[in-house]
Amino acid sequence: GDSVTQTEGQVTVSESKSLIINCTYSATSIGYPNLFWYVRYPGEGLQLLLKVITAGQKGSSRGFEATYNKEATSFHLQKASVQESDSAVYYCALSDNTNTGKLTFGDGTVLTVKP
Amino acid sequence: EAAVTQSPRNKVTVTGGNVTLSCRQTNSHNYMYWYRQDTGHGLRLIHYSYGAGNLQIGDVPDGYKATRTTQEDFFLLLELASPSQTSLYFCASSEDWGNYAEQFFGPGTRLTVL
C-alpha cells in the first residue's frame, strides 16, 4: 500500500532561522498521487497548510513552501524564517487516484521554535 | 469557515466498556471520516461515509462500528473497548471525494481504556 515517511519526529529551531522537514512517499496506484501538508496547533484539529496535485509544481502558504519532486518521490516542507507561532505538529500526506478521498499520513513532525 | 466538532473531548472507560464518540459538521459536506492517531504515528482511517446511511470500511476497522445518521452527524462506536483502542480520535469532513479535496478536522477526542 501507500506510505509516507517523515524522518524527523521532533525538530527544534531558533526563531528567524530556516526550516526543512523531510517527507518522502511511496504510492502504489497508477499515476501520481496528490500531496499535502497539514498542521495541527495545540488543542486544535488538523488544518490544511498546502497541497500540490501536479508533479513538478510548488505549493506555498503562510511562508511555507513544498515542491512535488516525482523523481525523488519527495515533498519537503521549507520555510526561510520561522516564528514562535509556527510551533505545531506538521503532517505530510498523500491521496491516491482511486477517488475515495482517503489520505495516507506520515507520523508527523513536532516543530518547536525557540524565541 | 468549516466547522467540525467532536464530543466528548476526553473519555476514560474500562476494558469491555461501551463508548460512543460523536462528530458533527456544519459545512454541508457529504463526506465524513474517522481516524485514530497513536503516539508517534500518523493518522489511520477507521471508517468513512459518503452520506447519511452510508458506511465504508477504512484501513483499521477492527473493533469499531460507525453510523452516519444524518448529513451532519457521524458516530464511532466501541462496543467492547480494549486498551489497544486507547488513542486520539479525529473526525473530518470534505465537500467532495475527489483526490485533492481538503479535509476539515475536528479538535479530537482523547480516549483512554483502562
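From a predicted model like this one, the values you see are computed outputs, not experimental measurements.

### Comments concerning the interface of chain B and chain A
Then step 1. Contacts between the two partners involve 23 residues from chain B, matched on the other side by 24 residues from chain A.
Then step 2. Together, the buried faces of chain B and chain A total about 1,900 Å²; carbon and sulfur atoms form 50% of this surface.
Then step 3. Across the chain B-chain A interface, the total number found is one salt bridge.
Then step 4. The partner of Asp59(B) in a salt bridge is Lys102(A), with the nearest N and O atoms 3.1 Å apart.
Then step 5. The interface formed by chain B and chain A contains four residue pairs in polar contact (both at pLDDT 80 or more).
Then step 6. Mapped by element, the contributors of at least two residues to the side of chain B that touches chain A are β4 (31–37), β5 (43–49) and β9 (87–94) of chain B.
Then step 7. Considering only residue class, the side of chain B that touches chain A consists of 12 nonpolar, eight polar and three charged.

### Digging into the state of the cysteines
Then step 1. Scanning the entire structure with this criterion turns up two disulfides over all chains.
Then step 2. Covalently, Cys23(A) is tied to Cys92(A) through a disulfide, its sulfur atoms 2.0 Å apart. The disulfide joining Cys23(A) to Cys92(A) has a torsion of about -65° about its S-S bond and is therefore left-handed. Of this pair, Cys23(A) sits in the loop between β3 (19–21) and β4 (24–26) while Cys92(A) sits in strand β10 (residues 88–95), placing them 69 residues apart in sequence. Assigned by exposure class, Cys23(A) and Cys92(A) land together as buried.
Then step 3. Across the disulfide from Cys23(B) sits Cys91(B); the S-S distance is 1.9 Å. An S-S torsion of about -75° defines the bridge between Cys23(B) and Cys91(B) as left-handed. With Cys23(B) in strand β3 (residues 19–25) and Cys91(B) in strand β9, the pair connects residues that are 68 residues apart, well separated along the chain. As far as burial versus exposure is concerned, Cys23(B) and Cys91(B) are alike and both buried.

### Digging into the layout of surface pockets
Then step 1. Volume-wise, the largest pocket comes out at about 320 Å³.
Then step 2. Considering the residues around the largest pocket, the lining is formed by 19 residues, among which Arg40(A), Gln37(B), Asp38(B), Thr39(B) and Gly40(B) are closest to the centre.
Then step 3. Within the residue set of the lining of the largest pocket, elements represented by two or more residues are β10 and β12 (109–114) of chain A together with β9 and β11 (109–113) of chain B.
Then step 4. Among the residues making up the lining of the largest pocket, the classes are represented as five nonpolar, 10 polar and four charged.

### Here we look at the pattern of salt bridges
Residue and element names in this part refer to chain B.
Then step 1. By the definition in use, this model includes eight salt bridges over all chains.
Then step 2. The closest approach of N and O atoms between Arg36 and Asp38, which form a salt bridge, is 2.8 Å. The two residues Arg36 and Asp38 agree in class, both being buried.
Then step 3. In the salt-bridge network here, residues are joined through shared partners; they are Arg36, Asp38 and Arg44.

### Overview of the environment of Leu88(B)
Then step 1. Topologically, Leu88(B) is positioned in strand β9.
Then step 2. Separated by 51 residues in the primary sequence, Leu88(B) and Gln37(B) place their C-alpha atoms 5.1 Å from one another.

About the criteria used
Residues numbered from 1 in each chain as written. Chains lettered and ligands numbered in written order. Predicted model: local features only at pLDDT ≥ 70, side-chain atom pairs only at ≥ 80, totals over all residues. Heavy atoms only, no water. Contact = heavy atoms within 4.5 Å. Buried area = accessible area lost by both parts, 1.4 Å probe. Salt bridge = Lys/Arg side-chain N within 4 Å of Asp/Glu carboxyl O. Polar contact = N/O pair within 3.5 Å; in protein donor to acceptor, adjacent residues only side chain to side chain. Helix = DSSP H or I, 4+ residues; strand = E, 2+ residues; numbered from the N terminus. Nonpolar A, V, L, I, M, F, W, Y, C, P; charged D, E, K, R; others polar. Disulfide = S-S within 2.5 Å. Buried < 20%, exposed > 50% of the residue type's maximum accessible area, 1.4 Å probe, protein only. 1 Å grid on protein atoms, 1.4 Å probe; cavity = no way out; pocket = protein on both sides within 12 Å on 5 of 7 lines; lining within 4 Å. Points joined across faces, edges and corners; volume = space filled by probe spheres on them.

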